[in-house]
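Architecture and fold: a report
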Amino acid sequence: MAFGATAAVLGLTSVLGTGLMSTANADDPATLSGVVLTVGSSESQRVVSWYASTNTAQVVQVAPTASLVAGEFPSDAVTFSATVAANSVNGGFNGHATIDGLQEDTAYSYRAGAAGAWSPTYSFKTQDFEGDFDFLFFGDPQIGASGNVANDGAGWADTLNVALAANPDSELLVSGGDQVETANTESQWDAFLAPSQLRQYPWAATIGNHDVGGKAYEQHFWTPNTDRSAAFYTGATNSGGDYWYIYKDVLFIDLNSNAYAAGSDAAHIQYVTDVINAHGAAAKYTVLVYHHSIYSPASHANDGDAKVRRQDFPTAFSTLGVDLVLQGHDHAYSRSYLIKNGQKANPDEQAGAAEVFQGPGGVVYVTGNSASGSKYYALTAPVAGEFGPDPTDTSSGRKRHYANSVESQENKRSYVKVAVRHDKLVVEDIRSEVSPNGTVGSTIDKVAIRPYNGEGQAISVDVPQAGPGEFGWSIDGNNDLVDLGRAAEGHGFFLASGDINPITVTDTRPSGAAWAVNGQVADFKDGAKTFSSKFLGWQPHVFGEGAGAAAGDPVESGFSAGTGLSVSRTLGSAAAGHSLGDAELGADLNLKFPTSIDKGNYRSTLTITAVS
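Residues numbered from 1 in each chain as written. Predicted model: local features only at pLDDT ≥ 70, side-chain atom pairs only at ≥ 80, totals over all residues. Heavy atoms only, no water.

1. Regarding the overall build of the chain
Rules: Think of it this way: any DSSP run of H or I at least four residues long counts as a helix, any run of E at least two long counts as a strand, and we number them from the N terminus. Two things to know: the radius of gyration comes from C-alpha atoms, and the globule rule equals 2.2 Å times the number of residues to the power 0.38. Three exposure classes are used, based on accessible area relative to the maximum for each residue type with a 1.4 Å probe and protein chains only: buried under 20%, partly exposed in between, and exposed over 50%. Should any heavy atoms of two residues lie within 4.5 Å, those residues are considered in contact.
For the chain, the helix and strand inventory stands at six helices and 38 strands. Over its C-alpha trace the chain gives a radius of gyration of 35 Å, far above what one expects of a compact globule, namely 25 Å for 612 residues. Projected onto the principal axes, the alpha-carbon positions of the chain cover approximately 120 × 65 × 45 Å. When each of the 612 residues of the chain is scored for burial, the buried share is 53%. Once local pairs closer than 6 in sequence are excluded, the contacts in the chain between residues at least 24 apart make up 72%.

2. Some thoughts on the nonpolar core
Where we set the bar: Only buried residues count toward a nonpolar core, which is a set of Ala, Val, Leu, Ile, Met, Phe, Trp, Tyr and Cys residues joined through side-chain atoms within 4.5 Å.
Core analysis: the biggest nonpolar cluster contains 61 residues, and F252, I253, F317 and L324 have the highest contact counts within it. The dominant element in this core, judged by the number of residues it contributes, is helix α4 (residues 264-279), at six residues. Core analysis: the second largest hydrophobic core is formed by 35 residues, I503, L565, A574 and F593 among them.

3. Comments concerning the packing of aromatic side chains
What counts is decided by this rule: Here the aromatic set is Phe, Tyr and Trp, taking the six-membered ring for Trp, and pairing holds for ring centres within 6.5 Å; pairs whose planes are under 30 degrees apart are stacked, those over 60 apart are edge-to-face, and all others are tilted. Each ring is checked for a lysine NZ or an arginine CZ that lies within 6 Å of its centre and within 35 degrees of its normal; such an atom marks a charge sitting over the ring.
This model, assessed by the stated rule, comprises 31 aromatic pairs. A ring pair is formed by Y110 and Y122, whose centres lie 5.6 Å apart and whose planes are at 45°; its orientation type is tilted. In this pair, Y110 sits in strand β8 (residues 107-114) while Y122 sits in strand β10 (residues 122-125), placing the two residues twelve residues apart along the sequence. A connected cluster of aromatic rings, assembled from ring pairs, spans F138, W156, W189, F192, W203, Y217, F221 and Y415. Seen from the ring of F387, R310 lies directly overhead, with NZ or CZ sitting 4.3 Å from the centre. Positioned above the aromatic ring of Y337 is the side chain of K344, whose terminal nitrogen or guanidinium carbon lies 4.0 Å from the ring centre.

4. Digging into the UniProt feature "domain: Purple acid phosphatase N-terminal" (unreviewed entry) in the chain
Quick reminder of the rule: UniProt positions are given in the numbering used here, feature names are shortened, and annotations may be inferred rather than shown by experiment.
The positions that UniProt labels "domain: Purple acid phosphatase N-terminal" (unreviewed entry) are, in the present scheme, residues 34-126. Helix makes up 0% of residues 34-126 and strand makes up 52%, while its end C-alpha atoms are separated by 22 Å.

5. Brief notes about helix α5 (residues 304-312)
Owing to its 3.6 residues per turn, the α-helix brings residues three or four apart onto one side. Note the threshold: The arc in question is formed by the directions pointing from the helix axis toward the C-beta atoms.
Those residues of α5 lying buried are D305, A306, R309 and R310. One face of α5 carries all of its buried residues, which in axial projection span an arc of 140°. Turning to α5, the residues buried within the fold contact α4, β16 (285-292) and α6 (314-320).

6. A word on the pattern of salt bridges
Put simply, the rule reads: For this analysis, a salt bridge means a side-chain nitrogen from Lys or Arg found within 4 Å of a carboxyl oxygen belonging to Asp or Glu.
Scanning all chains against the criterion turns up 20 salt bridges. In this structure, the salt-bridge partner of R421 is D134, at a minimum N-O distance of 3.0 Å. Taken as a pair, R421 in strand β24 (residues 414-421) and D134 in strand β11 (residues 133-138) lie far apart in primary sequence, 287 residues in all. Assessed through its relative accessible area of 25%, R421 is described here as partly exposed. For D507, the salt bridge is made with R509, and the minimal N-O distance between the two is 2.9 Å. Residues joined by salt bridges that share partners form a network here, namely D134, K417 and R421.

7. What to know about the confidence of the model for the chain
In low-pLDDT regions, the fine details of the predicted coordinates are not to be read closely. How we decide: A score from 0 to 100, pLDDT tells how confident the predictor is in each residue.
Overall, the predicted model of the chain reaches an average pLDDT of 92, with 95% of residues at or above 70. Long-range and interchain partners of residues 1-26, a stretch whose pLDDT sits below 50, account for 61 contacts in this model, where long-range means more than four residues apart.

8. A few points about the side chain of D507
Within the secondary structure, D507 is located in strand β30 (residues 503-507). Among residues more than four places away in sequence, those in contact with D507 are E470, F471, A513, W515, A547, H578, L580 and G581.

9. Some words on the sheet that holds strand β22 (residues 364-367)
In plain terms, the rule: Whether two strands pair comes down to DSSP finding at least two bridges between them. An axis is simply a line fitted to the C-alpha atoms; with a helix, the fit covers only the stretch in contact. Between two such axes, the angle follows the N-to-C directions and lies from 0 to 180 degrees.
Sheet architecture is open: seven strands sit in the order β14-β15-β16-β17-β22-β18-β23, paired in mixed fashion. Bordering the open sheet on either side are β14 (243-247) and β23 (404-408), each of which pairs with just one other strand. If you compare each strand with its neighbour and ignore which way they point, the axes differ by 15° on average. Relative to strand β15 (residues 250-254), β14 runs antiparallel, the two being bridged by five bridges. By the bridge assignment for β15, I246 is matched with L251.

10. Focus: the pairing of β23
For β23, a buried count of five out of five residues is recorded, marking the element as mostly surrounded by other parts of the structure. As judged from the four bridges shared by strand β18 (residues 333-336) and β23, these two strands associate in the antiparallel manner. Counted as the bridge partner of S334 is E407 from β23.

11. A closer look at the environment of D178
Inspection of the secondary structure puts D178 in the loop between β12 (172-175) and α2 (186-193). A C-alpha to C-alpha distance of 20 Å links D178 and D227, two positions 49 residues apart in sequence. Beyond its immediate chain neighbours, meaning those up to four positions away, D178 contacts D140, P141, Q142, T206, G208, N209, H210, D211 and H291.

12. Regarding the environment of I597
Note on placement: I597 falls in the loop between β37 (581-594) and β38 (605-611). A residue is classified by how much of its surface remains accessible, and I597, at 19% relative accessible area, is buried. Considering only alpha carbons, one finds I597 and A63, 534 residues apart in sequence, at a separation of 62 Å. Once you skip the residues sitting within four places of it in the chain, I597 turns out to touch F531 and Y602.

13. Examining unusual backbone geometry
Even without a glycine there, the phi angle at N90 is positive, about 65°. Along the chain, N90 falls in the loop between β6 (83-86) and β7 (93-99). Exposure remark for N90: the relative accessible area of 54% places this residue in the exposed category. The residue D178 is not glycine, and still its phi comes out positive at about 55°. Residue D178 is classed as buried on the basis of its relative accessible area, which comes to 1%.

14. With respect to the packing of helix α1 (residues 149-166) against α2
Cut-off, in case you're wondering: Working rule for angles: under 35 degrees goes down as roughly parallel, over 145 as roughly antiparallel, 65 to 115 as roughly perpendicular, anything else as oblique. Here a crossing is taken to be left-handed if its near helix is turned anticlockwise relative to the far helix by less than a right angle, and right-handed if that turn runs clockwise. Polar here means any residue outside two lists: the nonpolar Ala, Val, Leu, Ile, Met, Phe, Trp, Tyr, Cys and Pro, and the charged Asp, Glu, Lys and Arg; Gly therefore counts as polar.
The interhelical angle for the contact between α1 and α2, taken along N-to-C directions, is 25°, at an axis separation of 8 Å. In terms of axis orientation, α1 runs roughly parallel to α2. When the axes of α1 and α2 are compared, the crossing they make is right-handed. Of α2, the residues touching α1 (which contributes V149, G153 and W156) are S187, Q188, A191 and F192. Of the residues belonging to the contact of α1 with α2, the class tally is four nonpolar, three polar and no charged.

If you want it as structure tokens, here you go:
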């Protein structure tokens, strides 16, 4: 008797998400422009925003890039409905749609619009939803600030090209505010949104003082978990609001720092407090982002609002355990010492230290330089009695401000890379334009911020995704012919016996799902001669215990009655929740058949099937 084998096949179906399904009717197809990918509430979300020429039903269509054929979306591409509203400036409409349910480590393609009026197809990729990641922070592109939109746009595009060529796996692009010079000038927005990377990487928008004087900011960007109440600067002609999101181990809280009068600072602090209390436990780091730097190194260092906020914010941020504050507005780079309650936390911290240990309440404040080169401010001299000089700065001439470990103005473009690691945040200011002090890609400043872990000793362990495990079986040895030998004649019947070749079952699936290995025998044949397989029976055994294996029930030959192994019978099985590992299964075979069967050398096939 020879063995045949049929293995079970496990299917895998990928489902994109839970977004609202819809079908768009494009009676008057819209023309789309200004498509931008922005951050969602978590790693599994992205938001797509755009301008449209008409107020028709529109969607974003998404599919894994691997499923597109010749650029065509598959029939099972998922659509997410857009909200479409009239623009309050410059006419037209704006659309926003949230893509949800994204899977890890997947490349996606998407397009916005409606059937017959789609945008071009764009793509992005997700990465592991746990663990280390990098994000890039960009200070004030402020397209149009130089008076030459084209030049500013070119500088902005070059910084993105340089930054993402060097850091292609960065996962977020975080704004320091002031995307444009004048809030409602669409030619400036067109230049800002022109780089293709803004459709490949999610942009986490921050509103600056040049963005706030109109609704274009809100029309171009949708932000998650946004509070647009009056304290956060709302109104018919203004944009803004405070918002938050969690990305991997970081809770990002973005403030509209344009709101600073009439109790807004207290409202911001309450917002940060509420968000941290509600969501801080879900993240290892808290990063605040807002436009108006409070430890500014240049011309805005002693602005009235900065003076007030140097009183309002630092103690609250220290108390709340904020790790890092990213700011813009002053078009020059600075990195503070660890600041606790408004003062240098560790008197022994050296200027430009490559590594700092937060201790309780220590916060690092970073101000981004211009990412486009549209405008730079010269570093200013500290004002004694206000934002005074650092007493450790013994150089001649201008001193650093007392809060700042590093201040830099090369009048060249740069960006900030933040590496989020399980045991530190690494902040690095990097040149995106050659300067007398360094080449493109060279480092201006770099610091590792070691978080405070409380009074005890923090213990960390990385737990990887459990493997899917495997379930299957194999035949031990060489799968020799199971030879039952020459049948012995009894009184009115023939008898033969033997053993099947042992079968090893392996089950390492974490689910411990139930399984069974079954066997069924085909009729015995010798040329045109045949007899029924019902005459074969077996006695299953478990020779090697493991994987929760239990032997199947014995099956008698159908010589007297029954169907024997002519139907599928269980050789071995395990219930759900069984232990993992290997089991060895076997069976004694008993063939009893009538003496009326013609003489011959008959063969059959035992088909093994695994079920789970």
